[in-house]
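Structure assessment
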Amino acid sequence: MTRWRHLAPPHTDAWRPWLTYPGSLTRRIVAHSRRFEVEVVARRWRFPNDDEFRVLGRPAHKLAYVREVVLRADGEPVVMAHSIVSRTDLRGVWRPVAGLGARPLAEVLFADRRVHRGRFEFARIGPRHPLGVRARQLLGRTVGTLRARRSLFHLRGRPLMVTEVFLPGLLELRP
């Protein structure tokens with residue numbers, strides 16, 4: 001089982017500047033690349049992963065809306081982003097998320113001053129974790145342990161979880 005922790009990686013960790021960046025990761029990648037793209041790979045209703053439903057405060061048997069995208073910098077996949085929100089909230093306060101298409105979620109999260117981000121949690125995602133499996137499928141090759149962070153965004157008290165899985169190409173960009 002993956003252990004999510006609030007403790008940031010040590011200063012000597014090459015991933016730390018990306019993992020602990022408090023602002024829009026999308027904006028940071030845009031600033032460090034010539035061409036930025038969002039590739040939508042999935043938008044579907046499904047049950048949350050075991051390590052998600054507790055954090056969201058939802059029963060495990062309730063479907064949620066999941067959007068998965070790959071952020072590309074200069075054609076290279078650098079982040080797999082996985083967002084999850086309840087059906088009720090997608091029809092309510094988080095309605096703009098349903099119509100994003102290939103636009104970044106950051107357009108919704110960082111444009112509205114009423115949206116508040118909770119604390120980061122960090123983890124190492126193994127190849128058997130559902131997000132590790134998904135990253136392998138998206139990259140078309142075997143990947144080892146990947147770094148990830150997640151946080152809850154709240155709008156009018158309603159949560160939306162964003163998990164960002166950092167792909168090997170991200171370290172080619174300068175933070």
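Focus: the packing of aromatic side chains
Scanning the model with the defined rule gives 4 aromatic pairs in all. Ring geometry for tryptophan 15 against phenylalanine 166: centres 6.3 Å apart, planes inclined by 70°, an arrangement best described as edge-to-face. You can see tryptophan 15 sitting in the segment before helix 1 (16-19) and its partner phenylalanine 166 sitting in strand 7 (residues 158-166), a full 151 residues away along the chain. Across this residue pair, the class does not change: tryptophan 15 and phenylalanine 166 are buried. Ring plane angle 80° and centroid distance 6.0 Å describe the contact between phenylalanine 110 and phenylalanine 153, whose orientation is recorded as edge-to-face.

Things to note about empty space enclosed by the protein
This model, assessed by the stated rule, comprises 1 cavity of 30 Å³ or more. Size it by volume and the largest cavity reaches roughly 210 Å³. Around the largest cavity, the lining is made up of 21 residues, and of these Thr26, Leu105, Ala106, Val162 and Glu164 lie nearest the centre. Those elements that provide at least two residues to the lining of the largest cavity are helix 2 (25-31), strand 2 (64-73), strand 3 (76-86), helix 6 (106-109), strand 6 (146-155) and strand 7.

How each quantity is defined
- Residues numbered from 1 in each chain as written.
- Predicted model: local features only at pLDDT ≥ 70, side-chain atom pairs only at ≥ 80, totals over all residues.
- Heavy atoms only, no water.
- Phe/Tyr/Trp six-rings, centres within 6.5 Å; stacked < 30°, edge-to-face > 60°.
- Helix = DSSP H or I, 4+ residues; strand = E, 2+ residues; numbered from the N terminus.
- Buried < 20%, exposed > 50% of the residue type's maximum accessible area, 1.4 Å probe, protein only.
- 1 Å grid on protein atoms, 1.4 Å probe; cavity = no way out; pocket = protein on both sides within 12 Å on 5 of 7 lines; lining within 4 Å.
- Points joined across faces, edges and corners; volume = space filled by probe spheres on them.

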